[in-house]
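Listed below are the residues making up each chain.
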Amino acid sequence: MIKKIDIPSIRDSVYMQMREMILDGVWAPGTRIDLNQLAAEFGVSKTPLNEAIQMLIREGILAVKPRSGTFVSALDLDEILETFDFRLILEKGAAEAILANASAPILRGLETLNDRMAEIAENPGSLEDYRRMLRLDDEFHQKIMFLSGNAQLIEHYEQLSARLMLMRMIGTFSPKDYKATISDHRAILAALRSGEWEAFSAASATHVANAKAKVRRGLGSASTK
């Protein structure tokens, strides 16, 4: 249920709630957003709502179609694959700083996230399980990029991650895909422990290549439903 917004930064609160709803699949890609209805349900004026929408448009998860309205973005396959490629460029570019800041406590935290994903992968049974996997996967990669200490890289990476999460809401992925992701994460963790740029770059490249292959299969399955 949509909650009334009553905390100080109304624009940011609307932005965060809309973003969460989109990335949790409440509004599927391609859904038209009724701005009048949404303003009434949030209990806010059009000004903070429009400002929040502009933030989501800049992030790439909302789009405006002339004379049609505001829609949840629907990326095509080529755009998704290009987004993965750009993500890898950022990861490799930030690798030196990431490796320098990958302390033992941080690595243990990343291992915990991956272990939680592994628990879900052992017995996935619901759409919510899938969404939990997506959120944990996103958190795993965001925490790694945060180690770069570069605010610009982190911001761009977060935007890319949001688009990729949105895409994965419409795909069909199997438990085998979940387990492959966890295995890739273990290889990335091993590379982080080694401190070697080549190992981290190679593990990241393998993970992206595998993710692109899963997307091709997953979106292909979704399109035949």
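In this text, all values refer to a predicted model and were calculated from it rather than measured experimentally. Residues take numbers from 1 onward in each chain, read along the sequence in its written order. This being a predicted model, a pLDDT of at least 70 is required before a residue's local features are given, and a value of 80 or more before pairs of side-chain atoms are given or counted; all residues contribute to the totals for chains, interfaces and linings. Side-chain measures here rest on the full set of heavy atoms in the structure, leaving out hydrogens and waters.

Participant: Got a minute to help me understand the overall build of the protein chain in this structure?
Facilitator: Starting at the N terminus, helices and strands are each numbered in turn, a helix being any DSSP run of H or I of at least four residues and a strand any DSSP run of E of at least two. Along the protein chain, the regular secondary structure elements total 10 helices and 3 strands. Across the 225 residues in the protein chain, those meeting the buried criterion constitute 46%. The protein chains shown are the only cover counted for residues, whose accessible areas, like all others here, come from Shrake-Rupley with a 1.4 Å probe. Just so you have it, the protein chain exposes about 11600 Å², and 53% of that area is on carbon and sulfur atoms. Think of it in three bands: residues with accessible area under 20% of the maximum for their type are buried, residues over 50% are exposed, and the middle band is partly exposed, with areas taken using a 1.4 Å probe on protein chains only.

Participant: Would you mind showing me how to read the confidence of the model for the protein chain here?
Facilitator: Low pLDDT means the predicted coordinates in that region are not meant to be read closely. Mean pLDDT over the protein chain: 87, with 90% of residues reaching 70 or higher. Considering each helix and strand of the protein chain separately, the mean pLDDT is smallest for helix H10 (residues 197–223), with a value of 85, and largest for helix H5 (residues 95–100), with 97. The quantity known as pLDDT measures the predictor's confidence residue by residue, on a range of 0 to 100.

Participant: Sorry if this is basic, but what is going on with the environment of Ala 121 here?
Facilitator: Turning to its location among the elements, Ala 121 is positioned in helix H6 (residues 104–122). With 61 residues separating them along the chain, Ala 121 and Ile 182 place their C-alpha atoms 8.7 Å apart. Should any heavy atoms of two residues lie within 4.5 Å, those residues are counted as being in contact. Discounting residues that sit within four places of it in the chain, Ala 121 has contacts with Met 133, Tyr 178, Lys 179 and Ile 182.

Participant: So what exactly am I meant to see when it comes to unusual backbone geometry here?
Facilitator: Trans peptide bonds make up the majority, and among non-glycine residues the majority have a negative phi. At Arg 67, a position not held by glycine, the phi torsion is positive, near 60°. The residue Arg 67 is located in the loop between strand E2 (62–65) and strand E3 (69–72) in this model. Arg 67 gets classed as exposed once you look at its relative accessible area, which sits at 86%.

Participant: In this structure, what is going on with helix H2 (residues 35–42)? I would like to understand it.
Facilitator: Think of an α-helix as turning once every 3.6 residues; residues three or four places apart then point the same way. Buried within H2 are the following residues: Leu 38, Ala 39 and Phe 42. The arc that holds the buried residues of H2, viewed along the axis, is 100°, so those residues lie on one side. Counted as exposed and oriented over 90 degrees from the buried face of H2: Asn 36 and Ala 40. Buried residues belonging to H2 abut helix H1 (10–23), strand E1 (32–33) and helix H3 (46–59). Taking the backbone nitrogen of Asn 36 as reference, a side-chain oxygen 3.2 Å away marks Asp 34 as the first, capping residue of H2. Positioned one or two residues after H2, Gly 43 has a phi angle of 75°, which is positive. The directions considered for the arc run from the helix axis to the C-beta atoms. Identification of polar contacts relies on pairs of N or O atoms within 3.5 Å, with a donor-acceptor requirement for protein atoms, meaning one able to donate a hydrogen and the other able to accept it, and with residues adjacent in sequence counted only if both atoms are side-chain atoms.

Participant: For this particular structure, what's the right way to read the sheet that holds E2?
Facilitator: Sheets are built from strands that pair by backbone hydrogen bonding, the pairs being arranged parallel or antiparallel. Pairing between two strands requires that DSSP report at least two bridges joining them. A sheet is described by the order of its strands in space; here 3 strands give the open sequence E1-E3-E2, paired in antiparallel fashion. Edge positions in the sheet fall to E1 and E2, since each of these pairs with one other strand and no more. Bridge analysis of E1 against E3 gives 2 bridges, and the strand direction is antiparallel. What sits directly across from Ile 33, in E3, is Thr 70.

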